[in-house]
Amino acid sequence: NDDVTLEPDSVACMVAALAAGPRVGVVGPKVLFDPERAFIWCAGGTLDYRQNLNRLRGHWCPADSFAESGPVDYVPGCALLIRREALEQVGLFAADYFAYLEDVELCHRVRRAGFEVYYEAAARVYHRVSRASGSRYGRLRKYLNADQLKLIAGQLKAGAGGGALMGLGGGRVKIRPAPSKPRK
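Residues numbered from 1 in each chain as written. Predicted model: local features only at pLDDT ≥ 70, side-chain atom pairs only at ≥ 80, totals over all residues. Heavy atoms only, no water.

Undergrad: For the overall build of the chain, give the residues involved together with the corresponding values.
TA: From N to C terminus, the chain includes 4 helices and 10 strands. In sequence order, the secondary structure elements of the chain are arranged as β-α-β-β-β-β-β-β-α-α-β-α-β-β. A buried classification covers 42% of the 184 residues belonging to the chain. If you take every contact in the chain between residues at least 6 apart in sequence, the share linking residues at least 24 apart comes to 68%. Summing over all exposed atoms, the chain offers an accessible surface of approximately 10400 Å²; the carbon and sulfur share of this is 53%. (Helix = DSSP H or I, 4+ residues; strand = E, 2+ residues; numbered from the N terminus. Buried < 20%, exposed > 50% of the residue type's maximum accessible area, 1.4 Å probe, protein only. Contact = heavy atoms within 4.5 Å. Areas by Shrake-Rupley, 256 points an atom, 1.4 Å probe, with all protein chains shown as cover.)

Undergrad: Describe helix H1 (residues 10–20), and please don't skip the residues or the numbers.
TA: Buried residues of H1: Ser-10, Cys-13, Met-14, Ala-17 and Leu-18, and no others. In an axial view of H1, the angular spread of the buried residues amounts to 140°, which keeps them on one side of the axis. Every exposed residue of H1 that faces more than 90 degrees away from the buried side is listed here: Ala-19 and Ala-20. The inward-facing, buried residues of H1 abut strand E1 (4–6), strand E2 (24–33), strand E7 (81–82) and strand E8 (116–127). (Arc of directions from axis to C-beta.)

Undergrad: Give me the state of the cysteines: which residues, what numbers.
TA: All chains considered together, the criterion is met by 0 disulfides. Summary of cysteine pairing: Cys-42 is not part of a disulfide, and the nearest cysteine sulfur, belonging to Cys-78, is at 7.2 Å. (Disulfide = S-S within 2.5 Å.)

Undergrad: Could you give an account of a nonpolar patch on the surface, naming the residues involved and the relevant values?
TA: On the surface, Leu-6, Val-11 and Val-15 cluster together into a nonpolar patch covering about 230 Å² of accessible area. Mapped onto the secondary structure, Val-15 falls in helix H1. With a relative accessible area of 44%, Val-15 lands in the partly exposed category. (Patch = residues over 30% accessible without salt bridge, like charges linked within 9 Å, V, L, I, M, F, W, Y side chains within 5 Å. Salt bridge = Lys/Arg side-chain N within 4 Å of Asp/Glu carboxyl O.)

Undergrad: Residues and numbers for the pairing of E2, please.
TA: With respect to burial, E2 is a largely interior element, 10 of its 10 residues being buried. Where E2 meets E8, 9 bridges bridge the pair, whose relative direction is parallel. What sits directly across from Val-27, in E8, is Tyr-118. The pairing of E2 with E7 spans 2 bridges and is antiparallel. Within E7, the position partnered with Val-26 by the bridge is Ile-82. Both E2 and strand E3 (residues 40–42) contribute to a ladder of 2 bridges, which runs antiparallel. When the sheet's bridge partners are listed, Val-31 is paired in E3 with Cys-42. Where E2 folds back on E3, the antiparallel hairpin that results is connected by 6 residues. (Pairing = 2+ DSSP bridges.)

Undergrad: So what about the packing of aromatic side chains? Which residues, and what values?
TA: A full pass over the atoms with the stated rule returns 2 aromatic pairs. When the ring of Phe-33 is compared with that of Trp-60, the centres are 4.0 Å apart and the planes differ by 25°; the resulting orientation is stacked. In this pair, Phe-33 is assigned in strand E2 and Trp-60 in the loop between strand E5 (53–56) and strand E6 (70–71), connecting sequence segments 27 residues apart. The class of Phe-33 is buried, set by a relative accessible area of 7%. When the ring of Phe-39 is compared with that of Trp-60, the centres are 5.5 Å apart and the planes differ by 55°; the resulting orientation is tilted. Note that Phe-39 is positioned in the loop between E2 and E3 and Trp-60 in the loop between E5 and E6, a separation of 21 residues in sequence. (Phe/Tyr/Trp six-rings, centres within 6.5 Å; stacked < 30°, edge-to-face > 60°.)

Right, dumping it as structure tokens:
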């Protein structure tokens, strides 16, 4: 993103993480708020089919938290590296997502292709959050909600495990996917 500032060694740290793990397909840094650099915006993310679908790990935790690198469900698209073989296998970001979930969807495809998505704690970037969309959503919110539903439907079609409980027009709908194979 054009609203991200990198520490001088961040790219080298992420390249080293790719080099150290041949099955690492995507790597992302610790993303700190900018200008509130004392706090984490995101240390990778997790998928939770029972609540808000995607969750930022470490959100508003002190910058020295989440000091251990390791596999995560996704890394934010504001700053990530993808292995060429993974990119050739899964393709680019899906163009039909309006905003914000294209990174989650890409990382999901990378994991389904047998690669790991990896959080590299030694790499640090600073993100001016909401600069692209503004801090208030307004009509933007409906497109973001539509993208969440699209992502859930795509994962269920692809056989991702877990159910999803979501609100639609004030009601609640339980989606029960077909049983899937356990993750290795």
